[in-house]
Amino acid sequence: MKRIISSLLLLVLSACTTLDRSTPSVRREIKDVNYEARKEDASPRKRLMVLPFLDASEARPVQLKEKARNAFIADLNRIGEVIALDSKELNVDLSKMTQGGQYKLPEVAKLAQALGVNAVLEGKILDIRIKRKSDNVGVVRHLSTAFEVVAQVRVVTGRAGREVFNTVKTVTVEEQGVRVAERVETDKFLANNPEMIEVIVKDAFLDFTPQVLASLDKVTWEGRIAAINGDRIYLNVGRVSGLQVGDLLKVTEDGDDVYDPESGGHIGRVPGRLKGTLEVISYFGNDGAIAVIHSGSGFKENDRIELY
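Nothing here was measured: the structure is a model prediction, and the numbers come from that model.

Rules of the game
Residues numbered from 1 in each chain as written. Predicted model: local features only at pLDDT ≥ 70, side-chain atom pairs only at ≥ 80, totals over all residues. Heavy atoms only, no water. Pairing = 2+ DSSP bridges. Helix = DSSP H or I, 4+ residues; strand = E, 2+ residues; numbered from the N terminus. Axes fitted to C-alpha atoms, helices over the stretch in contact; angles between N-to-C directions. Parallel < 35°, antiparallel > 145°, perpendicular 65-115°, else oblique. Left-handed = near helix turned anticlockwise from the far one by under 90°. Contact = heavy atoms within 4.5 Å. Nonpolar A, V, L, I, M, F, W, Y, C, P; charged D, E, K, R; others polar. Salt bridge = Lys/Arg side-chain N within 4 Å of Asp/Glu carboxyl O. Buried < 20%, exposed > 50% of the residue type's maximum accessible area, 1.4 Å probe, protein only.

### With respect to the sheet that holds strand β9 (residues 223-229)
Read once around its circumference, the closed barrel built from six strands follows the order β9-β10-β15-β14-β11-β16, with strand pairing classed as antiparallel. The average angle at which neighbouring strand axes cross in this sheet is 45°, direction not considered. As judged from the eight bridges shared by strand β14 (residues 274-284) and strand β15 (residues 288-296), these two strands associate in the antiparallel manner. Across the sheet, residue Tyr-283 finds its bridge partner in β15, namely Ala-289.

### Regarding the packing of helix α2 (residues 62-79) against helix α5 (residues 194-206)
Look at α2 against α5: their axes get within 9 Å of each other, and the N-to-C directions meet at 40°. Considered as vectors, α2 and α5 are oriented oblique to each other. By crossing handedness, the relation of α2 to α5 is classed as right-handed. Mapping the contact onto sequence places Gln-63, Leu-64, Lys-67, Ala-68, Ala-71, Phe-72 and Asp-75 in α2 and Ile-197, Glu-198, Val-201, Lys-202, Phe-205 and Leu-206 in α5. Looking at the contact of α2 with α5 residue by residue, the class counts come to eight nonpolar, one polar and four charged.

### Thoughts on the pattern of salt bridges
Within the structure shown, the criterion is met by 16 salt bridges. Linking Arg-304 and Glu-222 is a salt bridge whose minimum nitrogen-to-oxygen distance equals 2.5 Å. In this pair, Arg-304 sits in strand β16 (residues 304-307) while Glu-222 sits in the loop between α6 (209-215) and β9, placing the two residues 82 residues apart along the sequence. Both residues of the pair, Arg-304 and Glu-222, belong to the buried class. Note that Glu-253 is salt-bridged to Arg-273, the shortest N-O span being 3.7 Å. With Glu-253 in the loop between β11 (248-252) and β12 (257-259) and Arg-273 in the loop between β13 (266-269) and β14, the pair connects residues that are 20 residues apart, well separated along the chain. Here the residues in one salt-bridge network are Glu-222, Arg-224, Arg-304 and Glu-306, joined through shared partners.

What follows is the structure, encoded as structure tokens:
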């Protein structure tokens, strides 16, 4: 997809920087929900919550980061290896959970964990630069343009708030064109071509997709018991997450957090006590499953579940 966007971008740039031509704008949107069963050697799909993107500059339009985030979520869900979620489900004011221009990800992760989220992602636009060179002599001027976007993505685990990915990426797109009888130094490209900049920023974040998916290999899949009614146990993960009828799940209670006695830093969470196992018998709702007790007892709401 990144290659396609880059190719389309170069075509649009060429049209904008040559003689006065206009090209039609075509927008196409597709939304898929992946119900495909997981492979035998794979874990269910992990839930990744994507927080509202940040921008180092308050001068840039808000829709720039919003549209980049929406495209990023759609791309992650299109591949089908994870379930990318909107952070609206948290029902908290995330603007109050920032420090130094970044989210307090460990704190956000604790809140997200209650929703069965396995990891939390932060994206940030650090800089957008446009460099242009041309021959300043003559009516027809040869123009070279380089568009540069600097973006950062961080991912932490939902259970312990441990950072598993933190990368700053610089994406550059270069274009050669010709401009007729126009002073290059007076161009205000950012202001006059907002849609063009949106495409470039989206392309920069989409380049993170394979790296983010690879980083989630370090994250353990888990779900939660949502409710108990008689002999039926309702889980907050189901068909969309990749659970299959007949799956055996082990149930554990949450372990205690362990902190360094000297620095006070969070070391991690110890494994909780194993309570028993459940067997998935059917599905309910958008992405829930119904299970029955296979072994053990003492199950409670919010107990942690993993594949056996």
